[in-house]
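Structural description and commentary
Now for the letters of each chain:
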Amino acid sequence: MMRKVSLLVMGMLMGAGVVVGIGQGRQFIAGNAVAAAADTYRQLNLLGDVFDRIRSEYVEQPDDAKLVESAINGMLTSLDPHSSYMTPKSFKDMQQQNRGEFGGLGIEVTMEDSLVKVVTPIDDTPAARAGIRAGDIITHLDGEPVLGLSLNQAVDKMRGAVNAPITLTVKRDGAEKPLEMKIVRDIIRIKSVRFREEGGDVGYLRITQFTEQTTDGLREALDKITKDIPSDKLKGYVLDLRNNPGGLLDQAISVSDAFLERGEIVSTRGRNADETQRFNARSGDLSKGKPVIVLINGGSASASEIVAGALQDHKRATLIGTRSFGKGSVQTIIPLGQNGAIRLTTARYYTPSGRSIQAKGIAPDIEIIQDTPEDLKGKDDTKGEASLKGHLKNPTDGTPTEEKTGSQAYVPPDVKDDKALNFAFDLLRGVKSSAAFPPDPKTAVAN
């Protein structure tokens with residue numbers, strides 16, 4: 001997932017011009033550049049030849065626009081699981097989703113082995129109420145196979161008129177046969193931040209997704225809790241990022257900033273060194289220095305991992321739960337005028353200590369495994385970024401064996417059964433203790 005960028009001008013210049021320098025070495029480099037450019041043009045000619053053959057000889061008259069869209073999408077999806085082409089409609093849908101309101105089922109999905117895989121259902125949506133789970137594989141939509149569709153095409157099919165039903169065929173680990181799930185579409189209004197007081201002494205904050213409304217929602221939540229609970233009684237906050245699929249980079253930065261006084265929050269590094277960007281906290285901890293515990297699990301991805309990594313590296317919070325998803329790449333949305341846009345992976349992000357969590361995830365300071373119902377045992381894990389075909393390798397890895405798979409993503413629906421959440425409450429109240437809480441800022445690796 002996930003950077004919002006204002007692009008006044010972004011283009012690609014392809015030309016045959018070569019800068020010829022002085023000296024044998026530079027002439028050699030220029031010669032290589034000419035050869036590389038010539039080879040590229042041969043490949044583009046090949047693409048044109050295939051396009052012409054399809055137009056003239058395919059058994060049925062093809063749609064030229066669809067051929068071009070498929071070629072573009074094929075190039076992008078061959079790069080990694082998160083790069084793709086967006087039609088004008090899907091681009092508009094994405095903008096609506098970032099604003100926190102859109103029509104559909106309410107699931108965050110990715111593509112795996114040419115099928116649609118559920119990253120997580122969004123709280124209080126038709127998909128969540130129907131029982132869709134993280135890790136489910138969607139094989140058919142209204143009886144039509146997903147195989148052969150791009151991710152955006154599949155998402156377009158799942159969206160539709162409000163109150164219109166759609167039947168999803170779902171393959172679930174451990175299930176003897178595919179599940180048929182009829183879901184009625186609805187307007188999906190994402191309330192990005194939910195909060196409540198717990199026992200008159202703890203503030204509970206849940207961020208479901210990072211949209212344009214998230215930071216404002218967090219400020220509202222913190223203001224309300226600090227007004228309702230006197231400072232001398234407020235033990236601290238639980239920030240719940242479990243099954244949060246991510247969202248906008250700028251919102252992840254501002255949420256992290258809400259709990260930090262200074263220091264780096266995240267850096268993004270592109271292909272070239274001069275593309276590195278660093279984002280730092282500004283003075284002003286909105287939580288007034290109160291202890292913070294962050295909950296993560298296998299469904300915590302992208303922007304939620306940025307927040308968890310920043311607070312962990314600065315020793316501002318203790319992380320409880322299971323290893324996060326491991327999506328450590330940044331996608332830039334590049335508009336193409338009336339032709340939609342492309343989502344292109346342009347950078348990796350790094351936590352303040354300089355670690356990339358790509359295909360590794362973030363390990364919690366205290367691991368808590370939830371008790372799961374019998375029908376879910378062995379089926380409640382997500383495989384994580386490392387399981388996605390064509391995923392970017394972690395740049396610090398020596399071998400692929402150093403990658404880490406995902407972890408448990410089950411969150412009990414009843415608070416009394418939520419081991420991670422109740423352990424966090426007990427730590428804040430001093431009922432239980434751990435060497436990891438409270439963290440010691442003096443030992444922070446990022447300052």
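Before reading on, note that the structure itself is shown above.
Below: a short report on this structure. Think of each chain on its own: its residues are numbered from 1, step by step along the sequence as written. Given that the model is predicted, a residue must reach a pLDDT of at least 70 before its local features are reported, and side-chain atom pairs must reach 80 or more before they are shown or counted; all residues, however, enter totals for whole chains, interfaces and linings. Derived side-chain values reflect all non-hydrogen atoms in the structure, with water molecules and hydrogen atoms excluded from consideration.

1. A look at the packing of aromatic side chains
A pair of aromatic rings is counted whenever rings of Phe, Tyr or Trp (Trp by its six-membered ring) have centres within 6.5 Å, and the orientation is called stacked for planes under 30 degrees apart, edge-to-face for over 60 and tilted otherwise. The tally for this structure, following the rule as stated, stands at zero aromatic pairs. Consider the ring centre and the ring normal. A charge sits over the ring if Lys NZ or Arg CZ is within 6 Å of that centre and within 35 degrees of that normal. Positioned above the aromatic ring of Tyr350, the side-chain terminus of Arg269 is 3.7 Å from the ring centre. Above the face of the Phe425 ring, Arg429 is positioned so that its terminal group lies 5.3 Å from the ring centre.

2. Structural notes on the sheet that holds strand β10 (residues 193-198)
Two strands qualify as a pair provided that DSSP identifies no fewer than 2 bridges between them. Note on conventions: DSSP H or I runs of at least 4 residues are helices, E runs of at least 2 residues are strands, and numbering of each starts at the N terminus. The strand order β10-β11-β12-β15-β16-β19 describes an open sheet built from six strands, whose pairing is mixed. Here the strands that pair on one side only, and so sit at the sheet edges, are β10 and β19 (366-367). Pairing geometry for strand β12 (residues 236-240) and strand β15 (residues 292-296), over four bridges, is parallel. Along β15, the bridge assignment pairs Tyr237 with Val292. Between two residues, a contact is recorded if the distance between any of their heavy atoms is within 4.5 Å. Every angle, taken between N-to-C directions, lies between 0 and 180 degrees, and every axis is a line fitted to C-alpha atoms, over only the stretch in contact when it is a helix. Packed on one face of the sheet, helix α8 (residues 303-313) meets β12, β15 and β16 (317-321) and runs near 130 degrees to β16.

3. What about a nonpolar patch on the surface?
What makes a patch is a set of residues exposed beyond 30% relative accessible area and free of salt bridges, joined within 9 Å when like-charged and within 5 Å when nonpolar (Val, Leu, Ile, Met, Phe, Trp, Tyr). Using a 1.4 Å probe, the Shrake-Rupley method yields the accessible areas, and only the shown protein chains count as cover for residues. When a carboxyl oxygen of Asp or Glu lies within 4 Å of a side-chain nitrogen of Lys or Arg, that pair is called a salt bridge. Residues Leu46, Val50, Ile54, Tyr58 and Val59 make up a contiguous nonpolar surface patch of roughly 480 Å² in combined accessible area. Along the chain, Val59 falls in the loop between α1 (24-57) and α2 (64-77). Judged by its relative accessible area of 72%, Val59 is exposed. We call a residue buried when its accessible area falls under 20% of the maximum for its residue type, exposed when it is over 50%, and partly exposed in between, using a 1.4 Å probe and counting protein chains only.

4. With respect to α8
Of all 11 residues making up α8, 11 are buried, and the element is well covered by its neighbours. Next to the buried residues of α8 lie β12, α7 (249-257), β13 (264-269), β15, β16 and β18 (341-350). Looking one or two residues beyond α8, the residue adopting positive phi is Lys315, at roughly 55 degrees.

5. Thoughts on the packing of helix α6 (residues 214-228) against α7
Closest axis-to-axis distance for the α6/α7 pair is 9 Å, and the angle between their directions is 20 degrees. Taken as axis vectors, α6 and α7 run roughly parallel relative to one another. Pair α6 / α7 crosses with right-handed handedness. Contact residues: Thr214, Thr215 and Leu218 in α6; Gln251, Ser254 and Val255 in α7. Three classes are used, and their members are as follows: Ala, Val, Leu, Ile, Met, Phe, Trp, Tyr, Cys and Pro are nonpolar, Asp, Glu, Lys and Arg are charged, and the others, Gly among them, are polar. Within the contact of α6 with α7, the residues separate by chemical class into two nonpolar, four polar and no charged. Under this scheme an angle from 65 to 115 degrees is roughly perpendicular, one under 35 degrees roughly parallel, and one over 145 degrees roughly antiparallel; angles in between are oblique. Whether a crossing is left-handed or right-handed is set by the direction in which the near helix is turned from the far one by less than a right angle, anticlockwise for left-handed and clockwise for right-handed.

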